[in-house]
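# Geometric and topological summary
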Amino acid sequence: MRINRQKKVSRILKFYSNNFGFSKPYQVLVDGTFCNTALQNKINIAEQLQKYLGDVRLLTTPCVILEMEKLGSALYGATLILKQFPVHHCGHKTPLFAATCIKKMIEKNSDFRYILASQDRDLQRFVTSLPGIPLLYIFNKAPTLRPPNELSVKKANQHLYQSCDVSAAEKKVIKLMKRKILEPNPTSQIIKRSRKKKGGPNPLSCKKKKPKPTNNNSKGQINKKTPDL
């Protein structure tokens with residue numbers, strides 16, 4: 001079961017790496033809802049994500065921390081977990097709601113290529129409405145990376161088609177080459193084969209006439225002595 005889980009997450013990460021430029025260490029943007037759910041399920045975020053995703057860098061924002069602090073002692077443990085992560089400055093002089101801050105971060109800083117870790121349903125719907133943003137959440141007491149949505153797959157296919165497509169200049173060159181190769185050349189002349197003239201017989205194939213043998217017995221016969229009786 002664990003092997004299939006690792007193969008699945010490897011395929012997803014490879015998809016985002018090939019089509020949207022994700023690379024290690026993967027930057028995971030964590031909010032308070034993810035930390036609170038991890039605490040309830042006794043999940044060590046840093047340890048589990050390192051095993052699940054590989055080389056990761058966990059981040060949060062000042063707006064997310066301030067919102068967690070305002071929510072009081074009920075989320076004190078989740079706030080302590082959140083404060084362990086490096087703070088990525090969002091640039092909001094006036095603190096915003098955590099979900100609003102993250103939305104602006106994702107829309108503005110798309111080059112950072114974040115993986116969002118959140119249990120916020122509204123924030124999850126927002127992320128799944130955009131292409132190229134992986135979503136990480138906790139399901140069945142384990143971190144789970146959501147497969148690419150339809151928009152991500154569609155955009156990846158468009159990039160693949162554009163990379164394989166031929167430019168206008170290349171199409172023009174190919175058309176000229178086809179015309180040059182396939183169309184007949186009117187100036188070319190057909191070379192006629194010269195017919196061989198009829199000649200005499202081949203001297204090598206002619207056999208020499210054999211001389212007729214002469215019969216010497218007809219002119220005179222040699223007298224043979226008869227044996228004495």
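Refer to the preceding data block for the structure.
For clarity, every value in this text was computed on a predicted model and none was experimentally measured.

## Points about the pairing of strand E5 (residues 142–145)
- Because side chains alternate across E5, one face comprises the buried residues Ala142 and Thr144, and the other comprises Pro143 and Leu145, equally buried.
- As judged from the four bridges shared by strand E4 (residues 135–139) and E5, these two strands associate in the antiparallel manner. Its bridge partner being in E5, leucine 136 is matched across the sheet by leucine 145.
- Joining the antiparallel neighbours E4 and E5 is a turn of two residues, in which asparagine 140 adopts a positive phi near 55 degrees.

## A few points about the side chain of aspartate 31
- With respect to the secondary-structure elements, aspartate 31 resides in the loop between strand E1 (26–30) and helix H2 (32–40).
- No salt bridge is formed by the buried aspartate 31; its nearest oppositely charged neighbour, lysine 103, is found at 11 Å.
- Of note is the side chain of aspartate 31, whose polar atom sits 2.6 Å from the side chain of serine 118.
- Beyond its immediate stretch of four places on either side in the chain, aspartate 31 contacts Val64, Leu82, Ile102, Ala117, Ser118, Gln119, Asp120 and Leu123.

## Remarks on the state of the cysteines
- Counting across every chain of the model gives zero disulfides.
- Free of any disulfide, cysteine 63 has its nearest cysteine sulfur in cysteine 90, 3.7 Å distant.
- Taking relative accessible area as the criterion, cysteine 63 reaches 2% and is therefore assigned buried.
- The thiol of cysteine 101 is not disulfide-bonded; the next cysteine sulfur, from cysteine 90, is found 3.8 Å away.
- In this structure cysteine 101 comes out as buried when scored by relative accessible area, which is 0%.

## Considerations on the sheet that holds strand E3 (residues 114–117)
- Taken in spatial order, the five strands of this open sheet run E2-E1-E3-E4-E5, and their pairing is mixed. The open sheet is flanked by strand E2 (56–59) and E5, the only strands paired with a single partner. On average, adjacent strands in this sheet sit at an angle of 30 degrees to one another, irrespective of strand direction.

## As for the packing of aromatic side chains
- The full count for this structure, using the stated rule, is four aromatic pairs.
- Taken together, a centroid distance of 5.4 Å and an interplanar angle of 85 degrees make the contact between phenylalanine 15 and tyrosine 16 edge-to-face.
- Judged by its relative accessible area of 3%, tyrosine 16 is buried.
- Each ring, one from tyrosine 16 and one from phenylalanine 22, has its centre 5.5 Å from the other, and the planes form 65 degrees; the classification is edge-to-face. Grouping residues by exposure puts tyrosine 16 and phenylalanine 22 together as buried.
- Each residue in the set Phe15, Tyr16, Phe20 and Phe22 is aromatic and connected to the rest through ring pairs, giving one cluster.

## What about helix H1 (residues 2–20)?
- The terminal C-alpha atoms of H1, which comprises 19 residues, lie 27 Å apart, in line with the 27 Å expected from a rise of 1.5 Å per residue.
- Those residues of H1 that fall on the buried side of the exposure criterion are Val9, Ile12, Leu13, Phe15, Tyr16 and Phe20. Buried residues of H1 fall within an arc of 145 degrees about the axis and therefore sit on the same side. Of the exposed residues in H1, those oriented more than 90 degrees away from the buried face are Ile3, Asn4, Arg11, Lys14 and Asn18.
- Of the residues flanking the end of H1, it is glycine 21, one or two places downstream, whose phi is positive at about 75 degrees.

## A look at the pattern of salt bridges
- Applying the stated criterion across every chain yields a total of three salt bridges.
- Note that lysine 51 and glutamate 47 form a salt bridge whose closest N and O atoms lie 3.4 Å from each other. With a gap of four residues between them, lysine 51 and glutamate 47 both fall in helix H3 (residues 45–53), about one helical turn apart.
- What makes lysine 51 exposed here is its relative accessible area of 55%.
- Glutamate 47 sits in the partly exposed class, given a relative accessible area of 39%.
- A salt bridge links glutamate 69 to lysine 83; the nearest nitrogen and oxygen atoms lie 2.6 Å apart.

Basis of the calculations
- Residues numbered from 1 in each chain as written.
- Predicted model: local features only at pLDDT ≥ 70, side-chain atom pairs only at ≥ 80, totals over all residues.
- Heavy atoms only, no water.
- Buried < 20%, exposed > 50% of the residue type's maximum accessible area, 1.4 Å probe, protein only.
- Helix = DSSP H or I, 4+ residues; strand = E, 2+ residues; numbered from the N terminus.
- Pairing = 2+ DSSP bridges.
- Lys, Arg positive; Asp, Glu negative; His and termini not counted.
- Salt bridge = Lys/Arg side-chain N within 4 Å of Asp/Glu carboxyl O.
- Polar contact = N/O pair within 3.5 Å; in protein donor to acceptor, adjacent residues only side chain to side chain.
- Contact = heavy atoms within 4.5 Å.
- Disulfide = S-S within 2.5 Å.
- Axes fitted to C-alpha atoms, helices over the stretch in contact; angles between N-to-C directions.
- Phe/Tyr/Trp six-rings, centres within 6.5 Å; stacked < 30°, edge-to-face > 60°.
- Expected span 1.5 Å × (residues − 1).
- Arc of directions from axis to C-beta.

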